[in-house]
Amino acid sequence: MITDLALTGLLDAARTTHRGVGAFNVVLLEHAEAIVAGAELAGLPVILQISENCVRYHGGLAPITTATQAIARSADVEVLVHLDHVEDQDLVTAGIALGVDSIMYDGSHLDFAANVEATRRLAVRCHDAGVAIEAELGEVGGKDGVHAPGVRTDPDDAAAFVADTGVDALAVAVGTSHAMQTREASVDRELVGRLHAAVPVPLVLHGSSGLSDEELRGAVRAGMTKVNISTHLNGLFTRALREVLDDRPDVVDPRKYVGAGREAVASETARLLALLHG
């Protein structure tokens, strides 16, 4: 692990003060514009995330990543560009070449030893290039399976994993689920506290769209630092867009309705960043 990377500086400072940093996913270019606009409204840093699924949708890494980086660099606040849930190791290499700030390699589908080996190898490659790396231990899966105690991250395993791999941040399974459209999940705060005490790097909460405001606050107070939110913002984007189309069926200019989605995401981004910052 090295400490002079943009992601480590941002997250380490937040971890020390028990504050959260928002990490929100880019799906369309309007998401990047909206998230940065919201961060500027809040006067707080933000992380723009590009997932492997997003890369597949756009047909390649470079176009969406390069455009997102341009938006990030023009911001009035600190904005980092992060590759999220990368399983294809060729994308790690491509992300490094494009100069992203950090990469989350997801080896959670592997057994412990294989996850350690793959992550350790990629951590060396990332660090040699000045790129921070996040990993996952304890699969943060879908809504049904993740709440079973067996898939939650063990603090002793987490400490060993970080020591063996040298990662800069660790995503852990503590009760959230990806792609939840209702905010009814809960975080195992006692487990978060034990993980925070055992692991020397910032903890990452995936699947945070399913958490209420109070659960988000509680997760950060318990020890989570990087908080990933995507589905919740996508829902707001879609509802705002649909409202315009329902009210004005004659509209054909995409800017008229997509712009409404962008405004909704910007507003909620500002609110969430302030909430996580405390």
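Conventions adopted
Per chain, residue numbering runs from 1 following the sequence as it is written. Owing to the predicted nature of the model, reporting of local features is limited to residues with pLDDT of at least 70; listing and counting of side-chain atom pairs is limited to 80 or more, with chain, interface and lining totals taken over all residues. Only hydrogens and water are set aside when side-chain values are computed; all heavy atoms of the structure are taken into account. Only DSSP runs of H or I covering at least 4 residues are called helices, and only runs of E covering at least 2 are called strands; the numbering of each starts at the N terminus. Using a 1.4 Å probe on the protein chains alone, a residue whose accessible area is under 20% of its type maximum counts as buried, one over 50% counts as exposed, and one in between counts as partly exposed. Contacts are assigned to residue pairs that have any heavy atoms within 4.5 Å of one another. We define a polar contact as two N or O atoms separated by no more than 3.5 Å, with the added condition that, inside protein, one atom must be a possible hydrogen donor and the other a possible acceptor, whereas residues neighbouring each other in sequence contribute only through side-chain atom pairs. By convention a nonpolar core is built from buried Ala, Val, Leu, Ile, Met, Phe, Trp, Tyr and Cys residues, the set being connected through side-chain atoms within 4.5 Å. Here the expected length of a helix is defined as 1.5 Å per residue gap, with one fewer gap than residues. Aromatic contacts are taken between Phe, Tyr and Trp rings whose centres are within 6.5 Å, Trp giving its six-membered ring; a plane angle under 30 degrees counts as stacked, one over 60 as edge-to-face, and the others as tilted. By definition here, a salt bridge exists when the distance from a side-chain nitrogen of Lys or Arg to a carboxyl oxygen of Asp or Glu is within 4 Å. Two strands make a pair as long as DSSP finds a minimum of two bridges between them. We call a crossover right-handed when, viewed with both strands directed away from the observer, the connection leading from the first strand over the helix to the second proceeds clockwise. To get an axis, a line is fitted to the C-alpha atoms, and for a helix only the part in contact is used. The angle between two axes follows their N-to-C directions and goes from 0 to 180 degrees. Between 65 and 115 degrees an angle is taken as roughly perpendicular, under 35 as roughly parallel, over 145 as roughly antiparallel, and anywhere else as oblique. The crossing is said to be left-handed when, going from far helix to near helix, the turn is anticlockwise and less than a right angle, and right-handed when the turn is clockwise. Basically, the charged four are Asp, Glu, Lys and Arg, the nonpolar ten are Ala, Val, Leu, Ile, Met, Phe, Trp, Tyr, Cys and Pro, and anything else, Gly included, counts as polar.

Caption draft 1: Local environment of the overall build of the protein. A count of helical and extended segments in the protein gives 11 helices and 8 strands. For the protein, buried positions account for 54% of its 278 residues. Long-range pairs, those at least 24 residues apart, make up 72% of the contacts in the protein with a sequence separation of at least 6.

Caption draft 2: Examining the environment of Asp 111 more closely. As for its placement among the helices and strands, Asp 111 is situated in the loop between strand 4 (102-105) and helix 6 (112-128). For the pair Asp 111 and Leu 137, spaced 26 residues apart in sequence, the C-alpha to C-alpha distance is 9.7 Å. Within polar-contact distance, the side chain of Asp 111 engages the backbone nitrogen of Ala 114 at 2.8 Å.

Caption draft 3: Examining the nonpolar core more closely. Among the nonpolar cores identified, the biggest contains 76 residues, and Phe 24, Leu 48, Ile 50, Val 79, Ile 103, Leu 170 and Val 174 are the most heavily contacted of them. What Phe 24 contacts, discounting residues up to four positions off in sequence, is Ile 35, Val 46, Ile 47, Leu 48, Gln 49, Val 227, Ile 229, Leu 233, Thr 269, Leu 272 and Leu 273. Counting 14 residues, the second-largest nonpolar core is a separate cluster that includes Leu 5, Leu 10, Leu 11 and Leu 80.

Caption draft 4: Structural view of helix 11 (residues 254-277). Spanning 24 residues, helix 11 covers 34 Å between terminal C-alpha atoms, matching the ideal 34 Å at 1.5 Å per step. Between the side-chain oxygen of the N-cap and the backbone nitrogen of Arg 255 there are 3.0 Å, and the N-cap of helix 11 in question is Asp 253. Just beyond helix 11, the residue with positive phi is Gly 278, at close to 80°.

Caption draft 5: Fine view of the packing of aromatic side chains. Enumeration according to the criterion identifies 1 aromatic pair in this entry. Centroid distance Phe 112 to Phe 161: 6.1 Å. Interplanar angle 65°. Geometry classified as edge-to-face. Taken as a pair, Phe 112 in helix 6 and Phe 161 in helix 7 (residues 155-165) lie far apart in primary sequence, 49 residues in all. Overall, Phe 112 belongs to the partly exposed group, its relative accessible area being 34%. On the accessibility criterion, Phe 161 (0% relative accessible area) is buried.

Caption draft 6: Looking closely at the pattern of salt bridges. Counted under the stated rule, the structure contains 13 salt bridges. Residue Arg 271 pairs with Asp 213 through a salt bridge whose shortest N-O separation is 2.7 Å. One end of the pair, Arg 271, is in helix 11; the other, Asp 213, is in helix 9 (residues 213-222), with 58 residues separating them in the sequence. In this structure, Asp 253 engages Arg 255 in a salt bridge whose closest nitrogen and oxygen atoms are separated by 3.0 Å. By relative accessible area, which is 23% here, Asp 253 ends up partly exposed. Through salt bridges with shared partners, a single network forms among Glu 117, Arg 120 and Arg 121.

Caption draft 7: How the structure looks around unusual backbone geometry. Even without being glycine, His 18 reaches a positive phi, approximately 55°. Note on His 18: relative accessible area 37%, which makes it partly exposed. Non-glycine residue His 85 carries a positive phi angle of around 50°. Residue His 85 is classed as buried on the basis of its relative accessible area, which comes to 18%.

Caption draft 8: Summary view of the pairing of strand 5 (residues 132-137). With 6 of 6 residues buried, strand 5 is to be regarded as a mostly interior element. Here strand 5 shows no split at all, with Ala 132, Glu 134 and Glu 136 on one side and Ile 133, Ala 135 and Leu 137 on the other all buried. Judged from the 4 bridges that link them, strand 4 and strand 5 form a sheet pairing that is parallel. Bridge pairing links Ile 103 to Ile 133 in strand 5. For the handedness criterion, the β-α-β arrangement of strand 4, helix 6 and strand 5 is classed as right-handed. The pairing of strand 5 with strand 6 (residues 169-172) spans 4 bridges and is parallel. Among the inter-strand pairings, Ala 135 is bridged to a residue of strand 6, identified as Leu 170.

Caption draft 9: The arrangement of the packing of helix 8 (residues 189-198) against helix 9 in detail. The geometry of helix 8 relative to helix 9 is characterised by a closest axis approach of 8 Å and an angle of 30° between their N-to-C directions. One finds that helix 8 runs roughly parallel with respect to helix 9. Where helix 8 crosses over helix 9, the handedness of that crossing is right-handed. Every residue of helix 9 that contacts helix 8 at Arg 189, Val 192, Gly 193 and His 196 is listed here: Glu 214, Glu 215, Gly 218, Ala 219, Arg 221 and Ala 222. Split into classes, the residues belonging to the contact of helix 8 with helix 9 amount to 3 nonpolar, 3 polar and 4 charged.

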